[in-house]
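Chain residues, written in single-letter form:
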Amino acid sequence: PRSDCVMAEQLCLSDSTCNATYRILENCALAKTRLLPLDHDSRVRCLHAEFDLGNSSLLHCRCHRRMKRQEHCLRVFWTVHASVTDGYFNLETSPYENPANEEHWKTDYNKLAALVSGKNCSQLAGGATNPCLKATHVCNLSKKCVRLRTEYASICTKGAGSEDVCDRRRCHRGLRNFFEKVPEDFTKRILFCPCQDEFCGERRRKTIVPDCSFQSNTKPNCLWLLDSCLEDHICKSQLADFQQNCQPADTSPDGCSLHNHAACLQAYMGMIGTPMTPNYVSNSSVEVSLWCTCESSGNQKEKCDQILGMFESNKCL
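Residues numbered from 1 in each chain as written. Predicted model: local features only at pLDDT ≥ 70, side-chain atom pairs only at ≥ 80, totals over all residues. Heavy atoms only, no water.

An unreviewed UniProt entry lists the protein under the name GFRA4 protein, from Calyptomena viridis. If you open the UniProt record of the protein and go to Subcellular location (unreviewed entry), you find "Cell membrane". (UniProt positions renumbered as here; feature names shortened; annotations may be inferred.)

> Would you mind showing me how to read the overall build of the protein here?
Assigned secondary structure in the protein consists of 15 helices and 2 strands. A total of 317 residues make up the protein; the buried ones form 46% of that total. If you take every contact in the protein between residues at least 6 apart in sequence, the share linking residues at least 24 apart comes to 70%. Total accessible area on the protein is roughly 17,000 Å²; 51% of this is exposed by carbon and sulfur atoms. (Helix = DSSP H or I, 4+ residues; strand = E, 2+ residues; numbered from the N terminus. Buried < 20%, exposed > 50% of the residue type's maximum accessible area, 1.4 Å probe, protein only. Contact = heavy atoms within 4.5 Å. Areas by Shrake-Rupley, 256 points an atom, 1.4 Å probe, with all protein chains shown as cover.)

> Explanation requested: the pattern of salt bridges in the structure shown.
Two side chains with opposite charge may pair up if their charged atoms get near one another. Applying the stated rule across the entire model yields 8 salt bridges. Notably, a salt bridge pairs Lys301 with Asp305, separated by 2.8 Å at the nearest N-O pair. Taken together, the residues span about one helical turn, with Lys301 and Asp305 both in helix 15 (residues 301–312) at a distance of 4 residues. Look at Lys301 and you get partly exposed, because its relative accessible area is 39%. Here the residues in one salt-bridge network are Glu9, Arg23, Glu26 and Arg75, joined through shared partners. (Salt bridge = Lys/Arg side-chain N within 4 Å of Asp/Glu carboxyl O.)

> Would you take a moment to explain a negative patch on the surface for this structure?
On the surface, Glu71, Asp227, Glu231 and Asp232 cluster together into a patch of negative charge. Examined against the element boundaries, Asp232 turns out to sit in the loop between helix 12 (222–230) and helix 13 (233–245). You can call Asp232 partly exposed: its relative accessible area is 31%. (Patch = residues over 30% accessible without salt bridge, like charges linked within 9 Å, V, L, I, M, F, W, Y side chains within 5 Å. Lys, Arg positive; Asp, Glu negative; His and termini not counted. Charge placed at Lys NZ, Arg CZ, Asp CG, Glu CD.)

> Explanation requested: the packing of helix 4 (residues 70–80) against helix 13 in the structure shown.
Close contact between helix 4 and helix 13 brings their axes to 9 Å; oriented N to C, the two are set at 70 degrees. Classified by the interaxial angle, the pair formed by helix 4 and helix 13 is roughly perpendicular. For helix 4 against helix 13, the interelement crossing comes out left-handed. Facing helix 4, whose interface residues are Gln70, Glu71, Leu74, Arg75 and Trp78, helix 13 presents His233, Ile234, Lys236, Ser237, Gln238 and Ala240. (Axes fitted to C-alpha atoms, helices over the stretch in contact; angles between N-to-C directions. Parallel < 35°, antiparallel > 145°, perpendicular 65-115°, else oblique. Left-handed = near helix turned anticlockwise from the far one by under 90°.)

> Can you walk me through the environment of Cys73 in this structure?
Its place among the elements puts Cys73 in helix 4. A C-alpha to C-alpha distance of 6.0 Å links Cys73 and Cys63, two positions 10 residues apart in sequence. For Cys73, the contacting residues outside a window of four places in its chain are Cys5, Val6, Arg62, Cys63 and Met67.

> Looking at this structure, I do not really get the side chain of Asn245. What am I missing?
Turning to its location among the elements, Asn245 is positioned in helix 13. Setting aside residues up to four positions removed in sequence, Asn245 forms contacts with Arg65, Cys256, Leu258, Asn260, Ala263, Cys264, Ala267 and Cys316.

> Help me out: how do you make sense of the packing of aromatic side chains in this one?
Given two aromatic rings, one states the distance between the centres and the angle between the planes to describe the pair. In this structure the tally under the stated criterion is 6 aromatic pairs. Judged by centre distance (5.1 Å) and plane angle (80 degrees), the ring pair of Phe178 and Phe179 falls under edge-to-face. Take Phe178 and Phe179: they sit in the same class, and that class is buried. A cation over an aromatic ring shows up here: Arg204 above the ring of Tyr280, its NZ or CZ 4.8 Å from the ring centre. (Phe/Tyr/Trp six-rings, centres within 6.5 Å; stacked < 30°, edge-to-face > 60°. Lys NZ or Arg CZ within 6 Å of the ring centre and 35° of its normal.)

> It is not clear to me how the confidence of the model for the protein should be interpreted in this structure. Could you clarify?
In low-pLDDT regions, the fine details of the predicted coordinates are not to be read closely. On average, residues of the protein carry a pLDDT of 82, and 84% of them reach 70 or more. Taken element by element, the protein is modelled with least confidence in helix 5 (residues 109–117), mean pLDDT 47, and with most confidence in strand 1 (residues 278–280), mean pLDDT 96. Here residues 101–110 is a poorly scored stretch, pLDDT under 50, and it has 13 contacts once near neighbours within four places are set aside; other chains count. Here residues 112–127 is a poorly scored stretch, pLDDT under 50, and it has 18 contacts once near neighbours within four places are set aside; other chains count. (pLDDT = per-residue confidence, 0-100.)

> How should the state of the cysteines be read in this particular structure?
In protein structure, a disulfide is the covalent linkage between the sulfur atoms of two cysteines. Per the counting criterion, the structure on display carries 14 disulfides. There is a disulfide in this structure between Cys195 and Cys200, and the S-S distance comes to 2.1 Å. Across the S-S bond of Cys195 and Cys200 the torsion is about -65 degrees, and the bridge reads as left-handed. Each of the two residues, Cys195 as well as Cys200, counts as buried. (Disulfide = S-S within 2.5 Å.)

> Just to check I follow, could you spell out helix 6 (residues 131–139) for this structure?
Along an α-helix, residues three or four apart share an orientation, since each turn contains 3.6 residues. The set of residues buried in helix 6 consists of Cys132, Ala135, Thr136, Val138 and Cys139. The buried side chains of helix 6 occupy one side of the element, clustering within an arc of 160 degrees when seen end-on. The N-cap of helix 6, judged by a side-chain oxygen 3.1 Å from the amide nitrogen of Cys132 a few residues on, is Asn130. (Arc of directions from axis to C-beta. Polar contact = N/O pair within 3.5 Å; in protein donor to acceptor, adjacent residues only side chain to side chain.)

> Whenever I open this one, unusual backbone geometry confuses me. Can you help?
Outside of glycine, negative phi angles account for most residues, and trans bonds account for most peptide bonds. Of note in the backbone geometry, Arg66 takes a positive phi value of approximately 70 degrees without being a glycine. Position of Arg66 relative to the elements: it lies in the loop between helix 3 (40–52) and helix 4. One non-glycine residue, Val209, lies in the positive phi region at around 50 degrees. In this fold, Val209 is placed in the loop between helix 10 (198–205) and helix 11 (210–213).

Put into structure tokens, the structure is as follows:
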């Protein structure tokens, strides 16, 4: 099995030749993060260093969702793959292991069904007509789910009558904590509950407390959102995962190039709690979008429309 990048880095640092090459790549990645222009010789040195790692486990390492030291793992991955983002925002190489290889993160729907059927019907009042309410009741059956859900809800809710804006960073961190640590048995049900009426749809749209996590007084340009995302290892990684697993294909009957809608939904969930947090746009549809606009994009309008289109008109998603 492919090693994770933390282990691969340790192996590399114990070898003098690999260590020296890796240090070069660290400097290259640091310059890229700080938007420092590299001269021709430096760019060549960076490309040579990446090429020299061809036989190293570093070049083929991946990270696991929900792993300990995930940020460290992702930093190693992007140090080795810094050139992937050159010139364009297409991040076609996901740093995450294929979900099919992560059996222990698969949703156990049989266990969930047994949990729900074992509860007294009166305790799921309203669940029959409002699947989102039912999903919340199911979350309440898990101490971890209800604790982390209450935690992000309190962080993301503004004080009544207060003019202070919410702490969006903390709100996003709380959301990431919820979606990373709570089993998908619960999180998927809450986020993707099927609705037939607007009351249910409103509950679904408000799952992530959009007043704090999603909306702001004015819509920023989508290119600004992208820049903020690419500066953050977790957001950049989730975006790469989203682009890989939700790649639309017009020629495909299901509109999905990888034909794996479960992986696409998992990748979509990964975007929540990042600077590019998406959400439902209304109470009466399942259409989603980013909170941004492509007005005043100048000669980058086409690129901006593509970023927004990944969410707004993505048949795979």
